[in-house]
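Fold and geometry: a report
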Amino acid sequence: MKRKLVILGNGMVGHRFAEKIAEYGGTEKFEVTILGEEPRRAYDRVHLSDYFTNRSADSLYLSPSDWYRTNGIRLLLSEPAISVDTVSRKVVTSAGTELPFDELVLATGSSAFVPNFEGVNKQGVFVYRTIEDLEKIMSYAKQVSKVAVLGGGLLGLEAAKAVLDMGKESHVVEFASRLMPRQLDEAASSVLRSKIESLGVRIHLNKETKQALGDSSFQGLEFVDGSVLEAEMLIISAGIRPRDELAKNSGIEVGQRGGIIVDDELRTNVYGVYAIGEVALHKGMIYGLVAPGYEMSEILAYNLCSPGQKTKSYAGSDLSTKLKLIGVDVASFGDALGQTEHLPIAYTNPRTGVYKKLVLSQDGKKLKGGILVGDADAYSNLLTLYLNNVELPSEPESLIVGTPSEEGSAFGSLPDDAKICSCNNVSKGDLLDAIRSGSCSDLKGLKECTKAGTGCGGCIPQMNSILKEELRAQGKVVTEHVCEHFKYSRQELFQIAKVKGIRSFEEMIRTHGMGNGCEVCKPAVASIIASIYNEPIQKYREIQDTNDKYLANIQRGGTYSVVPRIPGGEITPDKLIVIGQIAKKYDLYCKITGGQRIDLLGARMEQLPDIWKDLVEEGFESGHAYGKAMRTVKSCVGSTWCRYGVQDSTAFAIRIEERYRGIRAPHKLKSAVSGCIRECAEARGKDFGIIATEKGWNLYVGGNGGVNPKHAILLAADLDEETCVKYIDRFMMFYIRTADKLVRTSAWLEQLEGGIEYLKDVIINDRLGINKDLEEEMNRLVGTYVCEWKDVVDDPEKQKKYKHFVNSEDSDPTVRFIEERGQKRPVDWPKKELVSN
């Protein structure tokens with residue numbers, strides 16, 4: 001006879017427990033029944049906010065509709081338990097069904113904590129917890145324009161962004177002195193706040209709510225300090241409370257502040273009754289993340305399915321997590337707040353809105369925790385160092401200064417038991433076993449096999465590195481898919497779009513992809529289509545990053561910079577005067593850039609079309625400073641003025657810049673032309689650079705500045721102008737065709753098999769027989785150039801997108817400036833702690 005196993009709760013943790021029971025062969029031993037309170041099967045609550053965008057639960061479901069039946073598991077939806085009798089050992093459901101049990105697992109999770117202030121039950125007040133909650137929010141939001149969100153944690157901030165995306169004025173109210181107080185310190189929270197406010201969300205800290213205003217419907221909040229926030233709708237996301245009411249009423253022991261008390265084997269005080277997930281209280285700790293619940297699920301399922309074997313124990317969980325919060329990377333791990341006697345090292349860059357902090361052991365040799373805001377690329381490697389207690393380099397600050405590569409990291413020597421995915425407790429050995437079994441040959445398959453990377457996603461770079469390394473060790477070809485939505489590399493998608501004439505992301509994902517796409521593949525496909533057809537990027541506006549979306553670079557404080565093109569750095573006095581007049585008219589900060597242009601900073605979003613109109617009327621055009629495109633061609637004065645110059649570098653630079661202006665590529669492109677070997681234009685630090693000789697021009701390729709500067713390499717020497725331009729045409733189009741997304745020419749050339757000698761063979765000797773095609777493609781791009789600023793200026797419909805509020809002409813009231821050296825600049829960020837920069 002099978003034993004009767006009843007699971008109360010079909011959330012993420014209850015479902016994971018059922019998965020593990022099936023995986024360990026438990027359905028041969030147990031007759032499994034799951035009770036779910038909601039009307040739908042288990043779904044991904046971590047990515048609940050995606051429902052606002054997709055309006056469908058299909059992409060959120062954790063399993064196919066027939067999974068339960070296929071695995072012999074009985075699922076009862078919309079039928080929660082209403083009582084548990086631990087003496088007669090039965091559960092009674094809301095439908096009156098009586099379910100006897102031998103083993104009972106409470107995975108009832110938690111409910112939204114609702115503060116007890118006057119008026120909290122008014123019409124227009126909602127919690128943010130389930131899909132049904134979101135549907136009610138979206139329905140009610142249609143009749144309001146201003147929404148308050150109570151709670152500055154993860155879900156509260158996501159709710160605020162969802163409100164903003166619905167075109168509503170969005171306010172976040174937080175009781176504490178900082179956002180995400182459990183994960184971030186004051187400095188990190190300050191950086192996050194600035195980034196969120198720059199998007200249009202208003203933040204109110206240190207606010208204790210006294211009452212909700214309004215008669216029958218919600219009209220605002222009054223705070224204990226006497227201040228008032230008017231709003232027409234309130235979303236509460238102020239924390240959670242464990243759903244332990246069934247336990248309280250059935251003699252199962254609960255903690256003084258809630259939660260079902262469990263031991264290291266997840267057992268309650270009643271024999272055969274267990275608790276896992278957010279309802280479980282282990283050693284005084286309630287874990288409000290899904291990863292600890294998954295770890296509990298695995299341990300309990302193993303113990304129940306493996307009698308006679310040594311039982312596994314739960315020792316507590318790591319709370320590390322990486323998030324994409326309103327477009328901002330946020331990550332924390334370990335003792336992030338430095339609550340024990342550890343040594344902190346912090347780095348901040350106010351210009352880019354990046355904050356990084358490491359918490360080290362007192363001897364500086366081990367990593368104990370950390371925080372990353374604005375740039376979390378290092379998270380995967382840092383988490384591996386922390387989880388596996390790896391000894392740090394002699395200068396640990398090098399781990400957060402710069403952007404580490406996910407390839408070639410120093411983690412290949414990690415032991416197989418090193419933990420890679422903390423969300424799902426997956427080790428390096430688990431990943432290797434899955435790859436070596438032959439069933440997982442790509443990242444998507446590896447995620448499905450092991451569940452690694454399906455939580456916060458922070459371990460994906462490490463997974464990818466391990467996957468590629470192991471496949472290469474097996475002598476297999478390593479494929480470079482854009483993301484899990486396309487089983488193609490960027491190069492392959494480029495050819496698909498070109499050959500089949502695809503001109504939209506929707507058509508590309510419908511015909512050659514799956515799902516709805518993501519923040520990786522959407523801008524990548526937009527760039528590919530723009531690289532082929534050279535249409536204004538505004539045609540693909542909704543799948544672009546912020547800079548391309550607004551044709552301007554967003555800056556600290558939420559304003560934008562405007563950079564008109566000044567080919568070769570040459571400009572007439574009249575045009576200089578025009579720029580000065582426009583800068584004065586709109587009160588903009590002026591700065592000469594490193595690329596010999598003039599940066600006009602401090603423009604508000606709604607001012608951009610007017611500024612562009614004034615510039616376009618005076619003969620200026622977009623400098624594409626915001627795009628992954630051809631930007632500047634720097635020059636010296638050359639033979640026109642310089643006594644050392646041997647060629648007219650200024651004229652050639654202007655010709656080059658006007659030829660390739662705005663052409664989209666996998667990454668930004670910069671160039672320079674120097675009039676002699678003294679190299680005043682720094683041409684060898686560019687993606688392609690030209691240096692004059694007595695006989696003509698030397699062409700260099702594959703250089704760049706930045707975090708990892710690279711000198712360009714000589715491609716050809718002593719060229720005449722026409723041949724030089726022809727080689728550049730071929731070089732650029734070959735790069736656009738074959739480089740991966742967001743790869744600069746320097747990295748592309750380093751990765752190119754055969755390196756510079758192979759490139760010479762292709763570009764100069766036509767090894768592949770494609771040079772005629774490359775030249776024709778470039779000529780087509782050159783011939784279809786359109787100034788993207790003018791495209792907006794001439795189209796009133798496109799101008800409507802440049803408003804801070806969809807229902808008001810008001811400017812962003814949070815933008816603040818101070819005067820310095822006769823010009824305005826953004827106010828300083830508060831200095832909360834000593835940092836290194």
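What comes next concerns the included structure.

Topic: the nonpolar core
With 95 residues, the main nonpolar core has Tyr 660, Phe 688, Leu 699, Trp 748 and Leu 759 as its most contacted residues. Examining the composition of this core, we find that 10 residues originate from one element, helix 20 (residues 721-738), more than from any other. Every residue in contact with Phe 688, bar those within four places of it in the chain, is listed here: Met 630, Ile 656, Tyr 660, Lys 670, Ser 671, Ala 672, Leu 699, Tyr 700, Val 701, Ile 728, Phe 731 and Met 732. In this structure, Ile 34, Trp 67, Val 84 and Leu 99 belong to the second largest nonpolar core, which totals 47 residues.

Let's talk about the sheet that holds strand 9 (residues 125-127)
Overall, parallel pairing links the 5 strands, which are arranged 9-16-10-11-12 in an open sheet. Each end of this open sheet is capped by a strand with a single partner; those strands are strand 9 and strand 12 (202-204). Strand-to-strand twist of the sheet, defined as the mean angle between neighbouring strand axes without regard to direction, takes the value 25 degrees. Alignment of strand 9 against strand 16 (residues 233-236), held across 3 bridges, turns out to be parallel. Residue pairing for strand 16: Val 125 is matched across the bridge by Leu 234. Strand contacts of helix 4 (residues 131-141): strand 9 and strand 16, with the helix running at about 150 degrees to strand 9, the strand carrying the most contacts. The strands touched by helix 5 (residues 154-165) within the sheet are strand 10 (146-150), strand 11 (169-173) and strand 16, with strand 11 carrying the most contacts at an inclination of about 165 degrees.

Focus on a negative patch on the surface
On the surface, Asp 416, Asp 417, Asp 430 and Asp 433 cluster together into a negatively charged patch. Within the secondary structure layout, Asp 416 lies in the loop between helix 9 (379-387) and strand 26 (419-421).

A word on unusual backbone geometry
Here the phi dihedral of His 624 falls at roughly 55 degrees; this positive angle occurs in a residue that is not glycine. Note on placement: His 624 falls in the loop between helix 18 (608-617) and strand 32 (630-635). Note on His 624: relative accessible area 1%, which makes it buried.

As for helix 6 (residues 186-198)
In a regular helix each residue adds 1.5 Å, so 13 residues correspond to 18 Å; helix 6 covers 18 Å between its end C-alpha atoms and thus fits that length. Among the 13 residues in helix 6, 10 count as buried, and that is most of the element. Among the residues of helix 6, those classed as buried are Ala 187, Ala 188, Ser 189, Ser 190, Val 191, Leu 192, Ser 194, Ile 196, Glu 197 and Ser 198. Gly 200 lies just past helix 6 and shows a positive phi near 115 degrees.

Some points on the packing of helix 1 (residues 12-23) against helix 8 (residues 290-305)
Here helix 1 crosses helix 8 at 30 degrees, and the two axes come no closer than 8 Å. Considering the angle they form, helix 1 stands roughly parallel to helix 8. Where helix 1 crosses over helix 8, the handedness of that crossing is right-handed. Two secondary-structure elements touch here, helix 1 through Met 12, Val 13, Arg 16, Phe 17, Lys 20 and Ile 21 and helix 8 through Val 290, Gly 293, Tyr 294, Ser 297, Glu 298, Leu 300, Ala 301, Leu 304 and Cys 305. When its residues are assigned to classes, the contact of helix 1 with helix 8 shows 10 nonpolar, 2 polar and 3 charged.

Regarding the packing of aromatic side chains
For the structure on display, the rule yields 16 aromatic pairs. With a centroid separation of 5.1 Å and 90 degrees between ring planes, the pair formed by Trp 67 and Tyr 68 is classed as edge-to-face. Residue classification places Tyr 68 among the buried positions, given a relative accessible area of 4%. Through pairs of rings, three or more aromatic residues link up here, namely Tyr 550, Tyr 560, Trp 612, Trp 789 and Tyr 802. Against the face of Tyr 61 rests Arg 41, its NZ or CZ located 3.7 Å from the ring centre. Lys 575 extends its terminal NZ or CZ atom over the ring of Phe 620, reaching a point 4.9 Å from the ring centre.

What counts, and where the lines are drawn
- Residues numbered from 1 in each chain as written.
- Predicted model: local features only at pLDDT ≥ 70, side-chain atom pairs only at ≥ 80, totals over all residues.
- Heavy atoms only, no water.
- Core = buried A, V, L, I, M, F, W, Y, C linked by side-chain atoms within 4.5 Å.
- Buried < 20%, exposed > 50% of the residue type's maximum accessible area, 1.4 Å probe, protein only.
- Helix = DSSP H or I, 4+ residues; strand = E, 2+ residues; numbered from the N terminus.
- Contact = heavy atoms within 4.5 Å.
- Pairing = 2+ DSSP bridges.
- Axes fitted to C-alpha atoms, helices over the stretch in contact; angles between N-to-C directions.
- Patch = residues over 30% accessible without salt bridge, like charges linked within 9 Å, V, L, I, M, F, W, Y side chains within 5 Å.
- Areas by Shrake-Rupley, 256 points an atom, 1.4 Å probe, with all protein chains shown as cover.
- Salt bridge = Lys/Arg side-chain N within 4 Å of Asp/Glu carboxyl O.
- Lys, Arg positive; Asp, Glu negative; His and termini not counted.
- Charge placed at Lys NZ, Arg CZ, Asp CG, Glu CD.
- Expected span 1.5 Å × (residues − 1).
- Parallel < 35°, antiparallel > 145°, perpendicular 65-115°, else oblique.
- Left-handed = near helix turned anticlockwise from the far one by under 90°.
- Nonpolar A, V, L, I, M, F, W, Y, C, P; charged D, E, K, R; others polar.
- Phe/Tyr/Trp six-rings, centres within 6.5 Å; stacked < 30°, edge-to-face > 60°.
- Lys NZ or Arg CZ within 6 Å of the ring centre and 35° of its normal.

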